[in-house]
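Residue-level listing of the chains:
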Amino acid sequence: MATIPTENDVLFGRGNNIKNYPGNRRFRALVEAKRDRFQRAPKRKEKRAIARELIDKIYSLKPPGRFMESEVKSSAISERVWVVASDSKVMKKVLHRLREKEWIPGNSNSNNYKKSNKSDLNAEGIPNNELPTNHRSQEDETSESGNGSDLDDWNSFFQKHIDVNHLKVFGRESQRTSNTDSSDEPSMDDLDDELDLFWSGFGDEHEETASQIQLTLGENERELTMRQWITETSYAIQADTKTKTTGKALEYAQSALPVALKLTEYLTTIQKSEDKGVQNEVPLESIVIENAFIRMKNSNTLESSSQRNYEVLSVQITVTAGVVDNPETGEVSQRLASLGAVLYELFSGEPPVVLPCSTNSFSLSTINLDADSASNDRPQKKSNRQSPYSNSESIAKLASIGIPHSLCFLLGNLLDCYHGDFCGDEAYRSLADVKVDLQLMLDNPERFLYDIKTSPLPALDIRDEVFGREDEIKSLEHSYRQHIDGKCNGGTIRGGAGTGKSRVAMTVECLTSNRNGYFLVAKFDQNKDVKPLSTIGNAFNALCDLYVRDATSSELKTVEKELAGSLGNQAGLLAGVVPSLGKLMPSCNLHNTWSSCANSALSMRFLLSELLRVLASHLRSITIVLDDIQWADFASLLLAGDLASNKSVFFIFCFRDDEVDASVQFTSWLSSFSLLSLDEMKLEGLDVDGVNRLVSDALHLVPSVTRPLSTVLHHKTRGLPFFVRRLMYSLEQQNLIHVQMETPRWTWELERIANLEISDDAVALLMEEMKSLPSDFQLGLQVAACIGTRITKYELDILSRDQGKSLHDILGQVSKRGYMDNNDDDGATFRFAHDKIEQACYESMSVEQRRVNHMRYGLALCAHSMKNGGENNGELFFTALNQINRGGPTAVDDSNQKGIIAALNLKGGVRAMQLSDTNAAYKLFTSGISFLGVDHWESQYDLSIGLFDAAAEAACVLNKSTEVASLCEQVVRNARCYDDQLHCLYTGVKALRQAELHREAMSSMFEILTHLEEEELRPIQNNIVRSKIHQTNELFQRRSDRDILDMKITHNKKIITLLKIYELLGPSLHFTMPGLLAAMSLRMIEITMENGLTPIAPTAFALYGEVLAGDGNLVDACRFGRLALKLLEKEALSMHKAAVILMVYSPILWAAEPLQSVVEAHQLGQKVGHQRGDWLYAGYNWHMSITTSFFAGQDLNLVRRNAKSFISVISKQKGHVDNMILIYWQTVALSEGLHTLDEEQNDEEFPCESDVLLIGKGKNVPVFVILNKVLMLIRKYLFHQLEDDVVDINISSRIAESNETLRATTLLGIFFEGLACFKLARQSLGNKRVALLEQGESVLARMRFYNDHSTWNFENKMLLLEAERMYTLDNFDQADSFYQQSILSAHKHKFIHEEAIASYLLGEFLHEQRLFKKSKSLLLHSIQCFEKWGAFAVARRVETIIQSKFSSDWNTFGTYSDVFTFDLTPDAVSSKKRQNWD
């Protein structure tokens, strides 16, 4: 029904009058107010609700507003017939207005979309200056002209932006068809209908998707047709004066690659969806350039048009509306051909060349839709039916305009797909393959896009990259991330030769660099024994250099201080292997301290571990790759195992699993890796795809082209990357792989390669390949192979003079052929690219030729080395010896020269021992022996004794008992005197001890002593021994400590060896005939005083002090113990420092020094033992520090952690941990309660207490038995379980029966024996009471004795026993006084556990005296002390007692200090001016 509009109505239509109508202006304002909210709404329902709000707002006006439309097209509003629009149409219009943005015409490079609230929009939101001429309006125009119709202009306008007749977005087409009457005006109403129809096609279940794919563009985004993009881009490149004309085609091709890739990705995604059963909504006939739209995002203006100033976001295909009647998607080959046609025009700017009988584009009528799908096995014959395009002419045209041949080839193969099953072998099989090739060209244009240069003729260039190992690299990266999170120590990479282990490991370098870390590589050599530990030492040297380069001066000072504390005096030993250590410790005197090491190899393992620990604590990340570790010597293997336990460093171990069986040592070492958190990786040969990636990259061709060749190479090489590389080089030399000149690209003779007989042995292949090399090249490779995996420029210069050729230049040429690498920064080192190449070069010589060459090169290097410092000339000297020894005695005829070589080996072996490589030393000693003459025991006697002695000692360290016996036997048989036999005999005894043949070892030692006319050892009860002890003590009383310390040091080998034998005899006597220890130590003191100080002197003084302590002479015992410690301050006498610390503090100085100091001394002994390689006594000291800390009352939680750590470490070393397990479970019981000792409660990795006790009972070891009784008594006493029949309180008698030396642990057990006796005596009657009282008084008397020597340790214990005794004897006043004095003394001397016990006992005593307030305060104080100690279970037991004795408010009384006149502050304690203090 027609009506007249009011000012509140909204009018649908065009023109300036409509735009400026009051109701329309109000409507636009409401739209702008709600647009942001509308566009943020995530669901369609919410959007419709916003539109409804807007409509209702118009309806609610007064008078109510309406939405009006008119069928009459007139310029004047009053002349039109207006009717109210339907509600559905109103909703569509409003929704369109809320979601629209405005097209602002202008420069195509500008941002063309803006919001529609600008004044240059017409009433329908269309830009006035973008309308056809007769539809534009002027701002000052008052007439209503411009409403006429020009269909051509309108069609041009809509075709330019959104073609109504071809509208298709994301695969959903409009209802308009190609049959629409062309005379109808495509008005905005029609467009609105199309848009609303598009959006209404999404149900509620697709609201989120609909929101994501609105026809809106983000900031700086724009959309072009592909032809618009071609015009714009080609114009910009042509206008760029900075780009040469010859490079413009290449630049355009690179600009077009992202567009091509995005289009291919789009079609690939649709194809994948179709393969999953989703309907393909892009029919075949729609894949034409006219339907391709490109969405881009502008970047900031760049200086050169050669740089792309936009990002291609997507390329999509709209669908021709008419295709809906025939929506055929075609076969894969047909879609590939259609893609080829689009891409051809993209890169060339025009369609492919069309044959005369063909149309301009593909259509369903030109493609055989009945053809079967392409199969994987492509027949070779071609179809007789021709393509609509002239491929050769089209591709030739591409090449003529400068498009790279790789792109020409790709497009030609795509167009060739028209033939379907009968297309060429190199035609594509899938869209995904095209995507891969385009991505390669985009990512690596130098390799896959650019034409190769043919002048000069290029050589095959195979990059040193990893191909086909993506999964393995991801796994390694995961391990690295796990390492950063503290969950992984590293990884192992195993595999056969040539699988690419090293290259995979090197991929971690980037991850390490990203964390500002250091990446180090140590590669072991099968055939080169150079400077001992040089492989790992060089890596650490590099680490030190890197840290010095990057650290600040303050950081360097901090590191120097930490290293000085960690390495101690042994830093000089480490500096021999890591010279750059001096840069980190410039203030330290780093002289070699090998002679002061108990075991230099063990010392080196500890020192390197400490160096790594300190540096790692100051760095974010360190990665160390140990490559070809299967070739490492055993010392390096053990060192590597120690280093890998550092969780701050990421370790990668690479080794050949096909070489493992050859080394029993390596297999044994490898099995220990189960104790470390290392991820395992095994590499096999590459699959065909992996090989194809390598071949494709090497030949600069996309993988689809090289796959046939790669398949053949994979079959011949089993996919081993190294073998593939060498085979390709070989095929190049045979011209089976070569450059094709007419179209510059690599090509090959596939059939000839397939038929070529190739050995599956890489070494054989290489040897055959090397035969074709020039003779100089062969010579250079053979010289390098004799030296080893690598050869330095210094060595090359020496050997060049010997050969009369420039070996450095020769190897430089060889490196270009891929046989060697010269990648060092200074180019001073050549290294074989792979050890199989080294092996091939070495095996190309005969055995005799190798021997001759080794000797020749070795003598040349040795002569130069001796001129420049002899054996001190580091690596060169050891390289020379290695060459000479590999040549062997048969390569030398001159006997004098053989003698010189033998002597050089002796010097080299000694130097290797000083560098802590006993294995290398043993090899050098035995090589030296092999150069001795037949009559060497006559003509070369001194040299023979030296070599055999040294070889036997090295064999003993390496635990080669059979070799030791053989070497010693020859010395004994041929030595001219017994003194010359002595050192070798001593070595033989050590070997017997190591083999646990203790009876045979003791027999040999007594036999040696007899030969040396030493007196028979007598027991300490013997009058002669007692007399000598008395005389010796008197002698030392007449001499001052300074006189003894200033005694000269003797170097008499016989005296030193004699004392070593006595020292070795000591432990055996301790377990078998302890009564002889006094006579033995006395004799060692006599020898020392007669001949001078030796490295054994501190041990002699400590042993003699222990004898005196056991004899009750604590004063003299402590003097000898302290003299032993002072002697250790002399570096020449400090070899056995850890052992001496243990022997002095454990049986002697515990009675004179504070127990807390004793703990610290044992901790020092542990540290020094590790530094000097004395791991046995380092472990003993560690054990004693933990045990003593428990009895000294240190924090139980700390004791527990240390005990657990000790058990874990020593168990791995197969050491004894039974005693420490008892300590551990004691701390658990005291802190958590007795119930935790049940077997079912044990969640530790070691046995529970009951199991350990069962094992110990079977062994019947006195120390274990006594410790168990002591700990059990302490536990029963603290938990009030003394009434149990199983409690054994007779600790004193058990110690006496075992003949064990009294130590702190056992004496403290005796202290609890006294406490238990007095307590039980108060509960007993008659003879039992008397006996218990006498036993307690005996303990008290012993405490009084020891209190005379150490008030610090024993005063509080003596006072507490006195209090208990007085309490038992009913002397309550004295008891009260002694209790308080005991508490004060325990507090003063920092025995918190004994302060707790004394406070508890006094509290109980006071409660019996009915002094309840004081009693409760003491009991509460005992709880505080027990908790501070960590004995929470005991504290809870005291709480229970308090609750039973007092009311429910038991914990409300005051503190300890509230009820006593003395306090426990440090000042108060030190003054001793307290009540009841005598």
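In case you missed it, the structure is sitting above this.
It should be emphasised that the depicted structure is a prediction, and the values quoted were computed from it without experimental measurement.

> Teacher, can you tell me more about the overall build of the protein here?
Within the protein, the secondary structure is distributed over 65 helices and 20 strands. Across the 1478 residues that make up the protein, the buried fraction comes to 53%. Counting only contacts in the protein whose residues sit at least 6 apart along the sequence, the fraction spanning at least 24 positions is 71%. Summed over its atoms, the accessible surface of the protein is roughly 65,700 Å², and 49% of this surface lies on carbon and sulfur atoms.

> I'm lost on the nonpolar core in this one. Help?
As a rule of thumb, nonpolar side chains are buried together in soluble globular proteins. Ranked by size, the top nonpolar core spans 215 residues in total, and within it M226, W229, L346, I629 and M728 carry the most contacts. Setting aside chain neighbours within four positions, we find L346 in contact with M226, W229, I230, Y252, A256, V259, A260 and I289. Counting 165 residues, the second largest nonpolar core, distinct from the first, contains Y1224, L1308, V1339 and I1441.

> Can you help me understand the pattern of salt bridges in this one?
Where charged atoms of side chains with opposite charge meet at close range, the side chains can pair. Evaluation of the coordinates by the stated rule reveals 56 salt bridges. Note that E1404 is salt-bridged to K1445, the shortest N-O span being 3.3 Å. Linking E1404 in helix α61 (residues 1392–1408) with K1445 in helix α63 (residues 1432–1445), this pair joins segments that are 41 residues apart in sequence. Taking relative accessible area as the criterion, K1445 reaches 30% and is therefore assigned partly exposed. One network of salt bridges, with partners in common, ties together R447, D461, R463 and D697.

> Please clarify how the sheet that holds strand β8 (residues 221–225) should be interpreted in this entry.
Within a sheet, each strand pairs with its neighbour through backbone hydrogen bonds, oriented either parallel or antiparallel. The strand order β8-β9-β10 describes an open sheet built from three strands, whose pairing is antiparallel. The outermost strands of the open sheet, each flanked by one partner alone, are β8 and β10 (310–317). On average, each strand axis in the sheet is inclined to that of its neighbour by 25°, with strand direction left out of account. By the bridge criterion, five bridges tie β8 to strand β9 (residues 292–298) in an arrangement that is antiparallel. Residue pairing across strands places R222 opposite M296, the latter belonging to β9. On the sheet, helix α8 (residues 226–239) packs against β8, β9 and β10 and is oriented at approximately 100° with respect to β8.

> Honestly, the sheet that holds strand β3 (residues 82–84) in this entry has me stumped. Any pointers?
Judged by pairing direction, the sheet is mixed, and its three strands sit side by side in the order β1-β2-β3 without closing on themselves. Strand pairing shows two members of the sheet lacking a second neighbour, β1 (10–11) and β3, which therefore form its edges. Bridge analysis of strand β2 (residues 67–70) against β3 gives three bridges, and the strand direction is antiparallel. Bridging across to β3, E69 finds its partner in V83.

> Sorry, what's going on with unusual backbone geometry here?
Residues apart from glycine generally show negative phi values, whereas peptide bonds are mostly found in trans. At the junction of K62 and P63, the peptide bond is cis and its omega measures out at -5° in the coordinates. Following the sequence through the fold, P63 ends up in the loop between α3 (44–59) and β2. The phi angle at D1370 is positive, at roughly 65°, despite the residue not being glycine. Considering the arrangement of structural elements, one finds D1370 in the loop between α59 (1351–1368) and α60 (1372–1388).

> Would you mind going over the pairing of strand β17 (residues 745–748) with me for this structure?
Residues in a regular strand project their side chains so that they alternate between the two faces of the sheet. Both faces of β17 are covered, namely the face carrying R745 and T747 and the face carrying W746 and W748. Here four bridges tie strand β16 (residues 737–740) to β17, and the two strands are oriented antiparallel to one another. When the sheet's bridge partners are listed, Q740 is paired in β17 with R745. Counting the residues that bridge the hairpin from β16 to β17 gives four residues.

> Sorry, what's going on with the state of the cysteines here?
Linking two cysteines covalently through their sulfur atoms gives a disulfide. On inspection of all chains with the given rule, the structure shows zero disulfides. Here C956 is not disulfide-linked; the sulfur of C968 is the nearest cysteine sulfur, at 8.4 Å.

> Before we go on, may I ask you to explain the side chain of N1356 in this structure?
Within the secondary structure, N1356 is located in helix α59. Apart from the residues lying within four places of it in its own chain, the contact partners of N1356 are S1382, S1385, A1386, F1391 and E1394.

> So what exactly am I meant to see when it comes to the side chain of Q1166 here?
As for its placement among the helices and strands, Q1166 is situated in helix α50 (residues 1155–1171). Apart from the residues within four sequence positions on either side, Q1166 is in contact with A1178, N1181 and W1182.

> It is not clear to me how the packing of helix α23 (residues 634–644) against helix α24 (residues 664–671) should be interpreted in this structure. Could you clarify?
When two helices pack together, their arrangement is given by the angle between the helix axes and the distance between those axes. With their axes 10 Å apart at the nearest point, α23 and α24 run at an angle of 5° to one another. Here α23 is positioned roughly parallel relative to α24, judged by the angle of their axes. Here F634, L637, L638, A640 and G641 of α23 come into contact with α24, specifically with Q665, F666 and W669. Looking at the contact of α23 with α24 residue by residue, the classes come out as six nonpolar, two polar and no charged.

> Which parts of the structure should I look at to understand helix α19 (residues 553–567)?
Each full turn of the α-helix corresponds to 3.6 residues, which orients residues three or four apart in the same direction. In a regular helix each residue adds 1.5 Å, so 15 residues correspond to 21 Å; α19 covers 21 Å between its end C-alpha atoms and thus fits that length. Three or more residues of α19 are buried, namely V559, E560, L563, S566 and L567. Summarising the axial view, the buried residues of α19 lie within an arc of 135°, below the 170-degree limit, and thus occupy one face. For α19, the exposed residues set more than 90 degrees away from the buried face come down to K557 and K561.

> Mind showing me how you'd approach helix α32 (residues 807–816) here?
Taken together, the buried positions of α32 are occupied by L807, I810, L811, V814 and S815. On an axial view of α32, the arc spanned by its buried residues comes to 140°, and they lie on one face. The outward face of α32, more than 90 degrees from its buried face, is lined by the exposed residues D809 and K816. Elements that come into contact with the buried residues of α32 comprise α30 (775–787), β18 (790–792), α31 (793–803), β19 (820–821) and β20 (829–832). At the exit of α32 stands G818, carrying a positive phi of roughly 90°.

What counts, and at which threshold
The numbering scheme is per chain: residues are counted from 1 as the chain's sequence reads. Local features in this predicted model are restricted to residues of pLDDT 70 or higher, and side-chain atom pairs are both shown and tallied only at a pLDDT of 80 or more, whereas totals for entire chains, interfaces and linings draw on every residue. The side-chain values count all of the structure's non-hydrogen atoms but skip hydrogen atoms and water molecules. Only DSSP runs of H or I covering at least 4 residues are called helices, and only runs of E covering at least 2 are called strands; the numbering of each starts at the N terminus. Residue exposure (1.4 Å probe, protein chains only): buried if accessible area is under 20% of the type maximum, exposed if over 50%, otherwise partly exposed. Throughout, a residue-residue contact means that at least one pair of heavy atoms, one from each residue, lies within 4.5 Å. Computed with the Shrake-Rupley method and a 1.4 Å probe, the accessible areas treat only the protein chains shown as cover for residues. Working definition of a nonpolar core: buried Ala, Val, Leu, Ile, Met, Phe, Trp, Tyr and Cys residues. They are joined through side-chain atoms within 4.5 Å. Between Lys or Arg on one side and Asp or Glu on the other, a salt bridge is scored when a side-chain nitrogen of the former is within 4 Å of a carboxyl oxygen of the latter. Any two strands between which DSSP finds at least two bridges are classified as paired. Under this scheme, a helix contributes an axis fitted over its contacting stretch, all axes are lines through C-alpha atoms, and angles between N-to-C directions fall in the 0 to 180 degree range. The rule for a disulfide is simple: a pair of cysteine sulfur atoms within 2.5 Å. These descriptions rest on fixed angle ranges, namely under 35 degrees for roughly parallel, over 145 for roughly antiparallel, 65 to 115 for roughly perpendicular, and the rest for oblique. The classification used treats Ala, Val, Leu, Ile, Met, Phe, Trp, Tyr, Cys and Pro as nonpolar, Asp, Glu, Lys and Arg as charged, and all other residues, Gly among them, as polar. Expected span of a helix: the number of residues minus one, times 1.5 Å. Arc definition: it is the arc formed by the directions from the helix axis to the C-beta atoms.

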